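# Chains, contacts and geometry: an overview
What follows is the residue order along each chain.
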Amino acid sequence: MSYTKRILIETYEKNSWQKEFIQAATEILTSIADFVDNNPIYERESVLERLVEPERQIVFRVPWVDDSGKIQVNRGYRVQYSSVIGPYKGGLRFHPSVNLSVIKFLGFEQIFKNSLTGQSIGGGKGGSDFDPKGKSDREVMSFCNSFMTELSFHIGAHTDVPAGDIGVGAREIGFLFGQYRRMKRQFDGVLTGKGIGYGGSLGRKEATGFGLIYLVEEMLKSHKNSIADKTVIISGSGNVAIYATQKAIELGAKVVALSDSNGFIYDRDGVDLAVIKEIKEVRRGRINEYIKYKKNAVYTEGRGIWGVKCDVALPCATQNELDVNDAKLLVKNGVIAVGEGANMPSTLDATDYFIKNKILFAPGKAANAGGVATSALEMAQNASMTNWSFDRVDAKLKTIMQNIYANIAQAAIEAGKPDNYVVGSNIAGFKRVADAMIAQGI
Ligand code: NDP
Ligand code: 2IT
């Protein structure tokens, strides 16, 4: 039995209930199998055994008081996966679906994603099953203060630097940062995605969505194509989806559909981003409100967005939101490129289907790396007590995404699988981390 297969089986046995983590481990280990088997040093050094096991997993109680005065209890997590190429770095997710499996899959992905950026950032992820939806600002603050009271003992500007993810945006980062500062009596760049007035970086808010479009454009360009004049559909309507929409429109595409967990809108004229921002960023409303503003738009309840005909599809909501039937529908309707703004939005079968059908497929760990890459730029600004202009940050982001594309495309060619960016990303991400592990010993 091959080394990778043996480690995968051991990983299944040890973590049998963790289906999202097992899915992420299966995708990565399967796609690097030939590379690992051709380089026996990785087996000699037990690199895979070490890599699949997080360096540290922290699970904690988060008690907080709701507006009626009642004490509520949630569960908090921080998985510090790998610090071999830099301090642990990765977001915090607040969503009722959060459990250890979800945080481990995200942390595992983050190791390879952060490696692809070329920066000095290790892999980590955290969060809670707390649901900010429908909560007052006061309740969110009560929760964030309690969450950070415990988390503050485990993080630090050179140890572990969390950021946002689903359910964690500027408001939550503000409350979390305030509590860290009070607990430690230190003003540190310990979180990224901070407000611009207190250490945040211009361009971080836009970075994941913009970076996704930069990478997709690079992929299209290398196939003598471009996103200009293309019809695009984007799932979700949160941070990543909104700024992917903005940059796609700027580059001349028409974005005709967006969604949230209740349903999706279709606007044949192209969505009006100012309306979306008003509903989602200002009022924290639902996507169905869009049809009140735009009479030509249609709202459909449910997860049918992948049935909308398009040239480019960008899943930007959550894991496993696009299955093999959705993939078949997209291919039947003529999709040419798929770029994952979310983490692991496509199931393993859906990914295989895209690749077999020669669809240009940019996997999340490459395509959405612009967010964390710009977080590292925020860390650099904090460390040097400087603030860069929006244009400077954006230009660096664009270069980073172009380099990521060049590297994953090259790794795919070297693996004998040109245009397979899943294989390219996983090998390129793995190699840097694995070689650093060997160099540093145990
Ligand atoms: P937000 O919380 O801003 O938005 C999330 C969006 O996805 C919302 O529209 C939400 O709808 C929808 N969504 C969330 N959970 C589900 C679900 N279970 N089913 C259907 N829809 C769902 O998060 P982000 O935009 O920051 O994150 C989106 C994705 O991008 C995630 O996978 C995240 O891990 C990934 N990502 C984020 C980065 C960042 O910098 N923020 C960086 C790299 C990746 P609703 O409001 O109805 O819940
Ligand atoms: O999944 C991700 O890369 C993020 N949520 C961003 C992490 C970060 O540290 O900016």
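Described in the following lines is the structure provided in the data block. (Residues numbered from 1 in each chain as written. Chains lettered and ligands numbered in written order. Predicted model: local features only at pLDDT ≥ 70, side-chain atom pairs only at ≥ 80, totals over all residues. Heavy atoms only, no water.)

### What about the sheet that holds strand S2 (residues 71–82)?
The strand order across the open sheet built from 5 strands is S1-S2-S4-S3-S5, with neighbouring strands paired in mixed fashion. Taken across any chain shown, the strands that pair with only one partner, and hence form the sheet edges, are strand S1 (56–65) and strand S5 (160–163). Mean inter-strand twist for the sheet, computed between neighbouring axes without regard to direction, equals 20 degrees. Bridge count between strand S3 (residues 88–94) and strand S4 (residues 122–128): 5 bridges; the pairing is parallel. The residue of S4 that forms the bridge with Lys89 is Gly123. Packed onto the sheet, helix H6 (residues 137–151) meets S1, S2, S3, S4 and S5 and runs at close to 145 degrees relative to S1. (Pairing = 2+ DSSP bridges. Helix = DSSP H or I, 4+ residues; strand = E, 2+ residues; numbered from the N terminus. Axes fitted to C-alpha atoms, helices over the stretch in contact; angles between N-to-C directions. Contact = heavy atoms within 4.5 Å.)

### Describing the sheet that holds strand S10 (residues 312–315)
Strand order in the open sheet formed by 7 strands is S9-S8-S7-S6-S10-S11-S12, and the pairing between neighbours is mixed. On the outer flanks of this sheet lie strand S9 (298–301) and strand S12 (360–362), each paired with one strand and no other. For this sheet, the mean angle separating the axes of adjacent strands, direction not counted, is 15 degrees. Direction of pairing for strand S7 (residues 254–259) relative to strand S8 (residues 263–266): antiparallel, over a ladder of 3 bridges. Within S8, the position partnered with Ala257 by the bridge is Tyr266.

### As for the side chain of Asn114
As for its placement among the helices and strands, Asn114 is situated in helix H5 (residues 100–116). Residue Asn114 is classed as buried on the basis of its relative accessible area, which comes to 0%. A polar atom in the side chain of Asn114 sits 3.1 Å from the backbone oxygen of Lys89. Discounting residues that sit within four places of it in the chain, Asn114 has contacts with Lys89, Gln119, Ile121, Gly122, Gly123, Val372 and Arg432. (Buried < 20%, exposed > 50% of the residue type's maximum accessible area, 1.4 Å probe, protein only. Polar contact = N/O pair within 3.5 Å; in protein donor to acceptor, adjacent residues only side chain to side chain.)

### Points about the pattern of salt bridges
Under the criterion given, the structure shown has 22 salt bridges. We note a salt bridge from Arg78 to Asp160, for which the minimum N-O separation is 2.6 Å. Of the two residues, Arg78 is situated in strand S2 and Asp160 in strand S5; the sequence distance between them amounts to 82 residues. Each of the two residues, Arg78 as well as Asp160, counts as buried. Within this structure, Arg6, Glu10 and Glu43 form a network of salt bridges that share partners. (Salt bridge = Lys/Arg side-chain N within 4 Å of Asp/Glu carboxyl O.)

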